[in-house]
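Coordinate analysis (summary)
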Amino acid sequence: MSYGTPPPPPPGGGQPPYGSQPPQGAPPYGAPGGAGGPHPQAVLILVLGIVSIVCCGFIAGVPAIILGKKGLNESAAGAHYSNEGLLRGGFICGIIGTALSVIGIIVDVAFIIPNAGN
């Protein structure tokens, strides 16, 4: 049983003519114009920021601030990460943890150390 001959292929073998624009698809990873993929260190930055508040102070807070600021600068420059909120949260938690650590050191020096000899 025969159904006839197949239709002829389109001119040029199905490819667009030379010099024409390729079809528009999704923007590449991290391209401006839409949310790109996730920042690869966003979760680490958030964990460092939270740990700086809970127990480690400036030891974890300073890396959270540095890495968070770097990620936010990349996002502002056009990377548009999909998890920018994690970057911002880790950055802010790092600032809070570092500030609390510095305040704690100041309180120790001002009140506890002078009274240690009594």
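Residues numbered from 1 in each chain as written. Predicted model: local features only at pLDDT ≥ 70, side-chain atom pairs only at ≥ 80, totals over all residues. Heavy atoms only, no water.

1. Some points on helix α3 (residues 84-112)
It helps to recall that an α-helix has 3.6 residues per turn; residues three or four apart then point in one direction. Put simply, the test is: Every helix listed is a DSSP run of H or I at least four residues long, and every strand listed is a run of E at least two residues long, numbered separately from the N terminus. The span one expects for a helix is its residue count, reduced by one, times 1.5 Å. When a residue's accessible area, from a 1.4 Å probe over protein chains only, is under 20% of the maximum for its type it is buried; when over 50% it is exposed; and in between it is partly exposed.
Taking 1.5 Å per residue, 29 residues should reach 42 Å; α3 reaches 41 Å between its end C-alpha atoms and fits that length. Within α3, burial applies to L87, G90, F91, C93, G94, G97, T98 and S101.

2. Looking at the state of the cysteines
Spelled out, the test is: By convention in this document, the label disulfide applies to cysteine sulfur atom pairs within 2.5 Å.
Under the defined criterion, the tally for this structure stands at 0 disulfides. Note on C56: no disulfide assigned, nearest cysteine sulfur contributed by C55 at a separation of 3.5 Å. With relative accessibility at 34%, the residue C56 sits in the partly exposed group.

3. What about helix α2 (residues 58-79)?
The test is simple: Comment: arc refers to directions from the helix axis out to C-beta atoms. Whether two residues touch is decided by their heavy atoms; if any such pair falls within 4.5 Å, the residues are in contact.
Within the span of α2, buried status applies to A60, G61, A64, G68, G71, L72, S75, G78 and A79. With its buried residues spanning 155 degrees around the axis, α2 presents them on a single face. Exposed residues lying more than 90 degrees from the buried face of α2 are I66, A76 and A77. As for α2, its buried residues are in contact with α1 (42-56) and α3. Looking one or two residues past α2, H80 carries a phi angle of roughly 50 degrees, positive in sign.

4. Thoughts on the side chain of S75
Tracing the chain through its elements places S75 in helix α2. Judged by its relative accessible area of 3%, S75 falls in the buried class. Leaving out residues up to four positions away in the same chain, S75 has contacts with H80, Y81 and E84.

5. Concerning the packing of α1 against α2
To characterise two packed helices, one gives the angle between the axes of the helices and the distance between these axes. Basically, it comes down to this: Axes here refer to lines fitted to C-alpha atoms; in helices the fit is confined to the stretch in contact. Angles between the N-to-C directions go from 0 to 180 degrees. Any angle between 65 and 115 degrees counts as roughly perpendicular, while under 35 counts as roughly parallel, over 145 as roughly antiparallel, and the rest as oblique. By the definition used in this description, the sense in which the near helix is turned from the far one sets the handedness, with an anticlockwise turn below a right angle giving left-handed and a clockwise turn giving right-handed. Ten residue types, Ala, Val, Leu, Ile, Met, Phe, Trp, Tyr, Cys and Pro, are classed as nonpolar, four, Asp, Glu, Lys and Arg, as charged, and the remainder, Gly among them, as polar.
Axis separation between α1 and α2 bottoms out at 7 Å; the angle between their running directions is 150 degrees. When the axis of α1 is compared with that of α2, the two are roughly antiparallel. Both α1 and α2 take part in a crossing whose hand is left-handed. Contacts from L44, I45, L48, G49, V51, S52 and C56 in α1 reach F58, I59, A60, G61, P63, A64, L67 and G68 in α2. Among the residues forming the contact of α1 with α2, the class breakdown is 11 nonpolar, 4 polar and no charged.

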